[in-house]
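Remarks on the overall topology
Residues per chain, in single letters:
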Amino acid sequence: WSIATALFFAVILLTLVAYGETVATFPRIWRGSQTFTHGILILPVCAYLIFSNRHAICRLTPRPYPLALLLLPALGFFWLVGHATGTLIIEQFSLVAMMPALVLASFGPRITRAVAFPLCFLFFIVPFGDVFQPSLQNFTAGFAVHALRLTGVPVAREGLYIATPVAVWRVAEACSGLRFLISGFALGCLFAYLNYRSRRKRLVFMGLSIVVPIIANGFRAYVLVLGGDLREMRLGGGFDHYAYGWAVFAAVMFAFFAAGSAFRDRTPSEDAAGSRAETLRVTLIPVRLGRWVGVALTSLFAVTVWPALSSYLTRQETHARAAA
């Protein structure tokens, strides 16, 4: 464990240094966008999940897994493509995907299965989802209009604009519910992992954690428009708009998680692989230090060659432009 852990963290540290330009984009987006502020909490949550299951994980035996090295060149190539085309989402996803691959190469399949959920949960640090914003805006507008008509409020819709006898409302980007959807889905995945042991229960709750925030956001828009119409716009603008909107959404999500708690398993949730630690325990077989070092050095080369290649290609392009 000491050798595997030391070499793994050395490779991770050098990898983050090599991809420093991409790494810096994560906190910059977290600070600059309210939609992705939850990303700052993902790393501590992943670390806590692994630490809380450390006793079960340590019963397993780490072994280098050279076959995992085949994943690293492909991920590095995808990063290079994203970097060359300015597609930040490809860069970020490729870099994050390298972390599970490095865990697999350094510790082997058994331990990787034991920390599978934290490794998958790590992908929530990637700021992703803007592509769904127009669709979410349209759904929110349509949901609010149908709900208003069901309650007898005269309403007309043109695109993202909702007209009532009192005012004209627009479903802006901030009202699309993307922030609620991403953070709600991340929280739903964590809740399902901690409270359910059945795979079916986990998948159902994770699916509902996508549907419920979307519907909750539509209901939030409906309540805001209805409240503003009934109060003749004396309520529904400025701070009240956000305060009441958050209150409605929080109430719906609280009811959702309360209902999910009613179906939680009787025994405390355990890590799926940790609960099988006894059956996965293997005999301690010595592994030569050279094999650990060889896997670590090969991993390091496989992930750092791509930033070096990108820097080389950039210099060549700069020289070519200067010569022209």
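Residues numbered from 1 in each chain as written. Predicted model: local features only at pLDDT ≥ 70, side-chain atom pairs only at ≥ 80, totals over all residues. Heavy atoms only, no water.

Our focus in this paragraph is the packing of aromatic side chains. On inspection of all chains with the given rule, the structure shows 23 aromatic pairs. Centre to centre, the rings of Phe26 and Trp30 are 6.1 Å apart; their planes meet at 50°, and the pair counts as tilted. Of this pair, Phe26 and Trp30 both sit in helix 3 (residues 25-32), four residues apart, which is roughly one turn of the helix. Accessibility expressed as a relative area gives 6% for Phe26, which makes it buried. (Phe/Tyr/Trp six-rings, centres within 6.5 Å; stacked < 30°, edge-to-face > 60°. Helix = DSSP H or I, 4+ residues; strand = E, 2+ residues; numbered from the N terminus. Buried < 20%, exposed > 50% of the residue type's maximum accessible area, 1.4 Å probe, protein only.)

Time to look at the layout of surface pockets. Considered as a void within the structure, the largest pocket measures approximately 880 Å³ in volume. Taken together, 29 residues form the lining of the largest pocket, with Phe8, Phe9, Ile50, Leu119 and Leu122 sitting closest to its centre. Its residues assigned to classes, the lining of the largest pocket comprises 27 nonpolar, one polar and one charged. (1 Å grid on protein atoms, 1.4 Å probe; cavity = no way out; pocket = protein on both sides within 12 Å on 5 of 7 lines; lining within 4 Å. Points joined across faces, edges and corners; volume = space filled by probe spheres on them. Nonpolar A, V, L, I, M, F, W, Y, C, P; charged D, E, K, R; others polar.)

Residue placement: Thr15 occurs in helix 1 (residues 2-18). Setting aside residues no more than four positions away along its own chain, Thr15 makes contact with Leu95, Met99, Leu102 and Val303. (Contact = heavy atoms within 4.5 Å.)

Moving on to the sheet that holds strand 3 (residues 168-170). Ordered by their spatial adjacency, three strands build an open sheet running 1-2-3, and the pairing between neighbours is antiparallel. Each edge of the sheet is formed by a strand with only one pairing partner; in this case those strands are strand 1 (156-158) and strand 3. Neighbouring strand axes in the sheet, compared pairwise and without regard to direction, differ in orientation by 20° on average. As defined by bridge partners, strand 2 (residues 161-163) adjoins strand 3 across three bridges and the pair is classed as antiparallel. (Pairing = 2+ DSSP bridges. Axes fitted to C-alpha atoms, helices over the stretch in contact; angles between N-to-C directions.)

Mean pLDDT over the protein chain stands at 83; residues scoring 70 or higher make up 89%. Under a pLDDT of 50 for its full length, residues 268-283 has, in the predicted model, 33 contacts with residues more than four places off or in other chains. (pLDDT = per-residue confidence, 0-100.)

On the surface, Ile3, Leu289, Val293 and Leu297 cluster together to form a nonpolar patch covering roughly 340 Å² of accessible area. Sorting elements by how many residues they give to the nonpolar patch places helix 15 (residues 289-323) first, with three residues. If you trace the backbone, Leu289 turns up in helix 15. (Patch = residues over 30% accessible without salt bridge, like charges linked within 9 Å, V, L, I, M, F, W, Y side chains within 5 Å. Areas by Shrake-Rupley, 256 points an atom, 1.4 Å probe, with all protein chains shown as cover. Salt bridge = Lys/Arg side-chain N within 4 Å of Asp/Glu carboxyl O.)

Let us look at the state of the cysteines. If you walk through the whole model with that rule in mind, you get zero disulfides. Residue Cys46 stays outside any disulfide, its sulfur separated by 9.6 Å from that of Cys120, the closest cysteine. (Disulfide = S-S within 2.5 Å.)

Turning our attention to the environment of Ser2. Residue placement: Ser2 occurs in helix 1. Ser2 sits 60 residues away from Pro62 along the chain, and the two C-alpha atoms are 9.8 Å apart.

To continue, consider helix 7 (residues 88-107). Between its first and last C-alpha atoms helix 7 spans 29 Å; for 20 residues at 1.5 Å apiece the expected length is 28 Å, and the two agree. In terms of burial, helix 7 is a largely internal element, 16 of the 20 residues being buried. Just downstream of helix 7, Gly108 is the residue with a positive phi angle, here 95°. (Expected span 1.5 Å × (residues − 1).)

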